[in-house]
Amino acid sequence: MRDNEELKRSHANGFGGSDAKMFAKIGTKGIESLSTTEKKRILVALGKMEADDFGGNVYTEAGHLFEDYCAEKLFGFEREKYIEAEGLAKHFKVFAHADFYDEVPNRVIECKFSQDETIKVYDDYFAQLQWYYMLGADEVTLCHGWGTVLPFDVVGASLINVERDDEFIACIRNGIAELDKAIEDGAFDDYKQTEIADTDMGGEAAKAVRAL
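Here's a quick rundown of the structure.

Definitions and limits used
- Residues numbered from 1 in each chain as written.
- Predicted model: local features only at pLDDT ≥ 70, side-chain atom pairs only at ≥ 80, totals over all residues.
- Heavy atoms only, no water.
- Helix = DSSP H or I, 4+ residues; strand = E, 2+ residues; numbered from the N terminus.
- Buried < 20%, exposed > 50% of the residue type's maximum accessible area, 1.4 Å probe, protein only.
- Contact = heavy atoms within 4.5 Å.
- Areas by Shrake-Rupley, 256 points an atom, 1.4 Å probe, with all protein chains shown as cover.
- Phe/Tyr/Trp six-rings, centres within 6.5 Å; stacked < 30°, edge-to-face > 60°.
- Core = buried A, V, L, I, M, F, W, Y, C linked by side-chain atoms within 4.5 Å.

**Notes on the overall build of the chain**
Across its full length, the chain holds nine helices and six strands. Within the chain, buried positions represent 44% of all 212 residues. Within the chain, counting contacts between residues at least 6 apart in sequence, those at least 24 apart form 67% of the total. Within the structure as shown, the chain displays about 11,700 Å² of accessible surface, and the carbon and sulfur contribution to it stands at 49%.

**Re the packing of aromatic side chains**
Considering all chains together, one arrives at 12 aromatic pairs under this definition. Measuring from ring centre to ring centre gives 5.0 Å for Phe15 and Phe92, while their planes differ by 90°; the resulting arrangement is edge-to-face. Of this pair, Phe15 sits in strand E1 (residues 14-15) while Phe92 is found in the loop between strand E2 (78-85) and strand E3 (93-102), placing the two residues 77 residues apart along the sequence. The exposure classification of Phe15 matches that of Phe92, with both residues buried. The interplanar angle of 25° and the centroid separation of 5.7 Å between the aromatic rings of Tyr82 and Phe95 together place this pair among those described as stacked. Placement of the pair is Tyr82 in strand E2 and Phe95 in strand E3, with a sequence separation of 13 residues. Since its relative accessible area comes to 37%, Tyr82 is described here as partly exposed. Each residue in the set Phe15, Phe23, Phe92 and Trp131 is aromatic and connected to the rest through ring pairs, giving one cluster.

**Considerations on the nonpolar core**
In terms of nonpolar packing, the biggest core is built from 45 residues, with Phe23, Val94, Trp131, Met134, Ile176 and Leu179 touching the most fellow members. Mapped onto this core, the elements with two or more residues apiece are helix H2 (20-29), helix H3 (36-45), E2, E3, helix H5 (118-124), helix H6 (126-134), strand E5 (139-148) and helix H7 (166-184). The residues touching Ile176, leaving out its near neighbours within four places in the chain, are Phe23, Leu88, Ala89, Phe92, Val94, Trp131 and Met134. In terms of nonpolar packing, the next biggest core, distinct from the first, is built from 11 residues, Ala62, Phe66, Phe100 and Cys111 among them.

The structure is reproduced here in structure tokens:
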């Protein structure tokens, strides 16, 4: 099971499946569309900012417990499989930690524990699911579980085979290439943590931060 320190280390080395939406956004709207939070995420990956110390909450813990449930009840496959793409970017790693990996037929199973409808969960995590195809998976499956969080209990689960979307994958790859080029061109060389935080503020608050 990945702990918080391992997550921080991996995020400081590159970008994983949770960043897929950001790259799809860059691929569609360009670097200028990045939010403050996304800029901070990039600075963490470039080693220019410390990752936030997110210790998790009851919902992340329920997600971990659901993975344990799946390992015991549903899947006997390799857990937390590290997958990395070669040659997609020069300035950062592109990777994923697959919840479950079935070597034959090269299938990734991504688990989500949510009280939402399965179709909403599928839509919410579509970018992350396509990310696995980009990294070389031949099949991707979403395992959606639902139930109670406190106390944790699984009421039901469903498996959805995810279809590969080459157009969406091309958009993600374009976003990766655009960010790589922006880094090469020095777009993030002069960012400081206070400057990024400042962009969230307006008026007198922003002036006060600049003065400090």
